Amino acid sequence: MIADTIRQKLTDTFQPVALIVEDDSARHAGHSGAQPGGETHFNVTIVSPVFDGLSRVERQRRVYAALSEELNGRIHALALVTRSPAEAARAASVILAVRQGPAAPVGPRARR
């Protein structure tokens, strides 16, 4: 399976602390690049210390280089989220804060 190959190559190259590879091909059935059997459209989220200090463009270049054989073959589309561990931690904090909603008021004006 191509998803397994993607996981293996990205793990070997970037030693990620988090890696999610999703085959999104079913959503693109009948569209350009879709093929019977899927495995043409992927979403990848990867968190690696290798990305510290690199621009988003450089990170994507490195992922594309690691997957060049697959991108020149069956893969039609690859959506990437590339983060350093510090960026992933900040993103998780923002998501948690949004899910919890605004902080409850405190102090003398707080309603009881």
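For clarity, every value in this text was computed on a predicted model and none was experimentally measured.

K.L.:
I'm lost on the environment of L67 in this one. Help?
P.N.:
By secondary structure assignment, the location of L67 is in the loop between α2 (56–66) and α3 (68–71). Its relative accessible area of 0% is what places L67 among the buried residues. For the pair L67 and K9, spaced 58 residues apart in sequence, the C-alpha separation works out to 7.2 Å. Residues in contact with L67, not counting those within four places in the same chain, are I6, K9, L10 and L78.

K.L.:
Would you take a moment to explain the sheet that holds strand β2 (residues 41–47) for this structure?
P.N.:
The mixed open sheet is built from 3 strands, whose spatial order is β1-β2-β3. With partners counted over all chains shown, the strands left at the sheet margins are β1 (18–23) and β3 (77–83), one partner each. For this sheet, the mean inter-axis angle between neighbouring strands, taken without regard to orientation, is 10°. One ladder, built from 7 bridges, connects β2 with β3; its direction is parallel. Across the sheet, the residue bridging to H41 is A77, located in β3. Together, β1 and β2 form the strand contacts of helix α1 (residues 2–14), whose direction differs from that of β2 by roughly 25°.

The rules behind these values
Residues numbered from 1 in each chain as written. Predicted model: local features only at pLDDT ≥ 70, side-chain atom pairs only at ≥ 80, totals over all residues. Heavy atoms only, no water. Helix = DSSP H or I, 4+ residues; strand = E, 2+ residues; numbered from the N terminus. Buried < 20%, exposed > 50% of the residue type's maximum accessible area, 1.4 Å probe, protein only. Contact = heavy atoms within 4.5 Å. Pairing = 2+ DSSP bridges. Axes fitted to C-alpha atoms, helices over the stretch in contact; angles between N-to-C directions.

Read these as layout, nothing more, since geometry by itself doesn't imply function.
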